[in-house]
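Survey of secondary and tertiary structure
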Amino acid sequence: MTATTSGPTELTPLRPPAPRPAADVWTSSSTAPVLDVVVPVFNEEVDLEPCVRRLHAHLATFPFRTRITVADNASTDATPQVAAALADELGDVVHVRLEEKGRGRALKQVWSASDARVLAYMDVDLSTDLAALLPLVAGLLSGHSDVAIGSRLARGAHVVRGAKREVISRCYNLLLHGTLRVRFTDAQCGFKAIRADVAAQLLPLVEDTGWFFDTEVLVLAERAGLRIQEIPVDWVDDPDSTVDIVATALADLRGIRRLAGAMASGRLPLKEVRASLGRGPQPAQVAGVPTSLAGQLTRFVGVGVASTLAYALLYLGFQEVTGAQVANFLALLVTAVGNTALNRRLTFGVRGSEGAARHQAQGFAVFLLGWGITSGSLVALHSVRPDAHQGVELAVLTAANLAATVVRFLLLRSWVFRNRRHHQPGNTTTGNTTTGNTSGEVAA
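Predicted model, so just to flag it, every value in this text is computed and none were measured. (Residues numbered from 1 in each chain as written. Predicted model: local features only at pLDDT ≥ 70, side-chain atom pairs only at ≥ 80, totals over all residues. Heavy atoms only, no water.)

Quick look at the pattern of salt bridges
Tallying each qualifying case throughout the model produces 18 salt bridges. Put simply, arginine 97 and glutamate 99 hold a salt bridge, and the shortest N to O gap is 3.2 Å. For aspartate 214, the salt bridge is made with lysine 192, and the minimal N-O distance between the two is 3.1 Å. Of this pair, aspartate 214 sits in helix α8 (residues 213-223) while lysine 192 sits in strand β8 (residues 191-195); the two residues are 22 residues apart in sequence, bridging distant segments of the chain. Under the relative-accessibility criterion, lysine 192 is labelled buried at 5%. Salt bridges here are not isolated pairs; linked through shared partners, they connect Arg103, Asp123, Lys192 and Asp214. (Salt bridge = Lys/Arg side-chain N within 4 Å of Asp/Glu carboxyl O. Helix = DSSP H or I, 4+ residues; strand = E, 2+ residues; numbered from the N terminus. Buried < 20%, exposed > 50% of the residue type's maximum accessible area, 1.4 Å probe, protein only.)

Here's what the structure looks like:
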């Protein structure tokens, strides 16, 4: 079956069917497929036929109805003819022709028009082992997950690729983690699936029509609080890939900037998306249950490292003109003010000036306790080695300061900022990410 469109308006989106119990999905007798696997292509006359035939044979083993949709976005070689011939020969293969380029454009249009319950896509080179396809969609069919992605960076994945592609991929994912604070591990693997009802809510919000499309869908899903399941995959690099890495990287950077701006402005209705899918708002805090310990501890350690380095430099400077005890007190005092301010803003997410004076006062009390620990270490050192070298003093004080840091974190969390934990950055927008098929963890 072949369909042709010259623009985004000629494929009429179909309303996704309402979710049904898992057993009904697996035994459905409807003519509509349960799974629609889209293969977006551009000038793939050589690889297209072996890809479709191999995928078709694999899908024949699935216990439910499937379809393959070849989404040809403006190919100029014989790709349309190859796709049309496959559609004529294989009854559950469909060919859609778009007159504009863009993988994201092709996926958005085909997914929007599909009547399947689960929508997937994979690259034509089939770099990902097809054995991961059924695990990829199983969580979506059961209703456990909203989006599923193949991950080359998750534990259990087996990847064969060159150093250049490896470095680029990891750098890109680090960039996403640093700029958009995502939780998923692999945004670029061409092996993803999404429930149709979720796609119907998210796709109208996605603006990118190229390679950043995947990332944008995942970020929006995560920020809407939806569950993203990650499946470790076996993946072998295609050495003949024609992707322009530089152009793609620049487009991705522009996409990150645009998406960050859109989320910062609050113009994306992500809470409404979550509510429309029946998940409801996540509780900000449960009485008696500490929240986001891992995230707080990570940020606290970062602040602590910076404070410790600042303390060491200040101590060495003050020690030139004062004794060790005075230098220790002054260095601790200066760093305590900065440490409390940074932890207030970064670790515990407290905004504005309300309560700032009280927090600093309580932080000062914590500082006095830390000073007692470090001063006690100096007294103990000098009682054993009265002529201890400056370097030995610094080493002992650094160790004592690290011990005081642990005490400081516990007091800041349980006393100073105990009523403001739920204001941490990211708590209201980050979704759940699961790895594999059996575990689900709330992202900290």
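Observations concerning the confidence of the model for the chain
Averaged over every residue, the pLDDT of the chain is 81; residues scoring 70 or more account for 83%. Across residues 5-29, where pLDDT falls below 50, the model places 44 contacts with residues more than four positions away in sequence or in other chains. The model gives residues 435-444 a pLDDT under 50, and that stretch makes 24 contacts with residues more than four places away or in other chains. (pLDDT = per-residue confidence, 0-100. Contact = heavy atoms within 4.5 Å.)

A word on the pairing of strand β4 (residues 93-98)
Successive side chains on a regular strand alternate, one facing one side of the sheet and the next facing the other. With 6 of 6 residues buried, β4 lies mostly within the body of the structure. Residue alternation in β4 divides its side chains into two sets, Val93, His95 and Arg97 and Val94, Val96 and Leu98, and both sets are buried. Of the strand pairs in this sheet, strand β3 (residues 66-73) and β4 are connected by 6 bridges, and their pairing is parallel. Note on β4: the bridge partner recorded for alanine 71 is valine 96. (Pairing = 2+ DSSP bridges.)

Quick notes on the nonpolar core
With 46 residues, the main nonpolar core has Trp111, Phe184, Ile194 and Leu202 as its most contacted residues. Top contributing element to this core by residue count: α8, with 6 residues. If we skip the residues at most four places from it in the chain, leucine 202 touches Ile194, Val217, Leu220, Ala221, Leu226 and Val273. In terms of nonpolar packing, the next biggest core, distinct from the first, is built from 38 residues, Leu48, Val70, Ala83 and Leu136 among them. (Core = buried A, V, L, I, M, F, W, Y, C linked by side-chain atoms within 4.5 Å.)

Here's the deal with the side chain of serine 377
Relative to the helices and strands, serine 377 resides in helix α13 (residues 356-384). Residue serine 377 is classed as buried on the basis of its relative accessible area of 14%. A polar side-chain atom of serine 377 sits 2.4 Å from the main-chain carbonyl oxygen of threonine 374. (Polar contact = N/O pair within 3.5 Å; in protein donor to acceptor, adjacent residues only side chain to side chain.)

Comments concerning the packing of aromatic side chains
Enumeration according to the criterion identifies 6 aromatic pairs in this entry. Over the face of the ring belonging to phenylalanine 42 we find lysine 101, whose NZ or CZ atom lies 4.2 Å from the ring centre. (Phe/Tyr/Trp six-rings, centres within 6.5 Å; stacked < 30°, edge-to-face > 60°. Lys NZ or Arg CZ within 6 Å of the ring centre and 35° of its normal.)

Some remarks on unusual backbone geometry
One non-glycine residue with positive phi stands out, namely leucine 126, at about 50°. Checked against the element boundaries, leucine 126 lands in the loop between β5 (118-122) and α5 (133-142). Assessed through its relative accessible area of 9%, leucine 126 is described here as buried. A positive phi angle, close to 55°, is found at arginine 181, a residue other than glycine. Considering the arrangement of structural elements, one finds arginine 181 in the loop between α6 (163-179) and β8.

Focus on helix α12 (residues 324-347)
Along α12, the residues classified as buried are Ala324, Ala327, Asn328, Ala331, Leu332, Thr335, Ala336, Asn339, Thr340, Asn343, Arg344 and Thr347. In the stretch just after α12, glycine 349 is the one whose phi turns positive, near 65°.

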